[in-house]
Amino acid sequence: ALPIYHVLTYESVEQASEAYDKLTKNGVKAFEDEIVSTSGYESNSYNYSTYKSWGAEAMDVGGIKDYISTHSYTTKNDVVVAVLDTGINTAHAMFSGRMLTDASGNLVGGSYYTSNYTYSGYAFEDDNKHGTHVSGTIVELTPSNVKILPIKIFTSSGKGTTSAILSGLAKVEEFSNTY
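Residues numbered from 1 in each chain as written. Predicted model: local features only at pLDDT ≥ 70, side-chain atom pairs only at ≥ 80, totals over all residues. Heavy atoms only, no water.

Two residues of an α-helix separated by three or four positions point the same way, owing to the 3.6 residues in each turn. Taking 1.5 Å of rise per residue, the 17 residues of helix 5 (residues 162-178) would be expected to cover 24 Å, and the 25 Å separating its terminal C-alpha atoms lies within 8% of that figure. Contact partners of the buried residues in helix 5: strand 1 (35-37), strand 2 (79-85), strand 3 (110-111), strand 4 (146-152) and strand 5 (159-161). (Helix = DSSP H or I, 4+ residues; strand = E, 2+ residues; numbered from the N terminus. Expected span 1.5 Å × (residues − 1). Contact = heavy atoms within 4.5 Å.)

Pairing between sheet strands relies on hydrogen bonds along the backbone, with the strands arranged either parallel or antiparallel. One open sheet holds the three strands; their spatial order is 2-4-3, and the pairing between them is parallel. Among the strands making up the open sheet, the edge pair consists of strand 2 and strand 3. Across two bridges, strand 3 lies against strand 4 in parallel orientation. The residue bridging Gly-110 from the neighbouring strand is Ile-151, located in strand 4. (Pairing = 2+ DSSP bridges.)

So, on to the layout of surface pockets. Rolled over the atoms, a probe sized like a water molecule indicates the empty space that remains. Of the voids in this model, the largest pocket is the one considered here, and its volume is about 680 Å³. Listing elements by their share of the lining of the largest pocket, those giving two or more residues are helix 1 (13-25) and helix 5. With six residues, helix 1 is the largest single contributor of residues to the lining of the largest pocket. A breakdown of the residues in the lining of the largest pocket according to their chemical character gives 14 nonpolar, four polar and three charged. (1 Å grid on protein atoms, 1.4 Å probe; cavity = no way out; pocket = protein on both sides within 12 Å on 5 of 7 lines; lining within 4 Å. Points joined across faces, edges and corners; volume = space filled by probe spheres on them. Nonpolar A, V, L, I, M, F, W, Y, C, P; charged D, E, K, R; others polar.)

On to the pattern of salt bridges, then. Under the definition given, this model contains three salt bridges. Its salt-bridge partner being Glu-18, residue Lys-22 comes within 3.5 Å of it at the nearest N-O pair. Placement of the pair is Lys-22 and Glu-18 together in helix 1, with a separation of four residues, close to one helical turn. A relative accessible area of 47% places Glu-18 in the partly exposed class. The shortest N-O distance in the salt bridge between Glu-174 and Lys-171 comes to 3.8 Å. Taken as a pair, Glu-174 and Lys-171 lie in helix 5 at a separation of three residues, close to a single helical turn. For Glu-174, a relative accessible area of 42% gives the class partly exposed. (Salt bridge = Lys/Arg side-chain N within 4 Å of Asp/Glu carboxyl O. Buried < 20%, exposed > 50% of the residue type's maximum accessible area, 1.4 Å probe, protein only.)

This is how it looks when you write it as structure tokens:
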């Protein structure tokens, strides 16, 4: 089970600072919410000769997909990989049959921030491309029984907070109890 976190908010920075000081003096492990962000990598040096995504090429994975497919790591059961990032492009052909769905066939995911792209009706649409890139690399390098569970914890600019990450982890735990 995940540790339990409490997120406390205050009306002013001064109140938050005072509460932080009191908590830490009393031995409570506390931290201030920080802004975190994804980092992109742009390069024209990859020729995409073997894989569809530069992530696979950048990691120099070689034959890892074939190795996984031919060894005991495969299973007939679905394996769910939660991707806490900027969301996912639900319309991308690479994800056809590779995303977690509910009993009605709807895509399953979560979002701390609502996407600027609303064409699909899913709040976890990727409006940054980083989450789609990460999910694409996972899908490309794993057998077809691996399903993606997108959790959007970063904004369209690739920024979020520590509390958004914690909220995303809580969402993963919620889904793990359901699916």
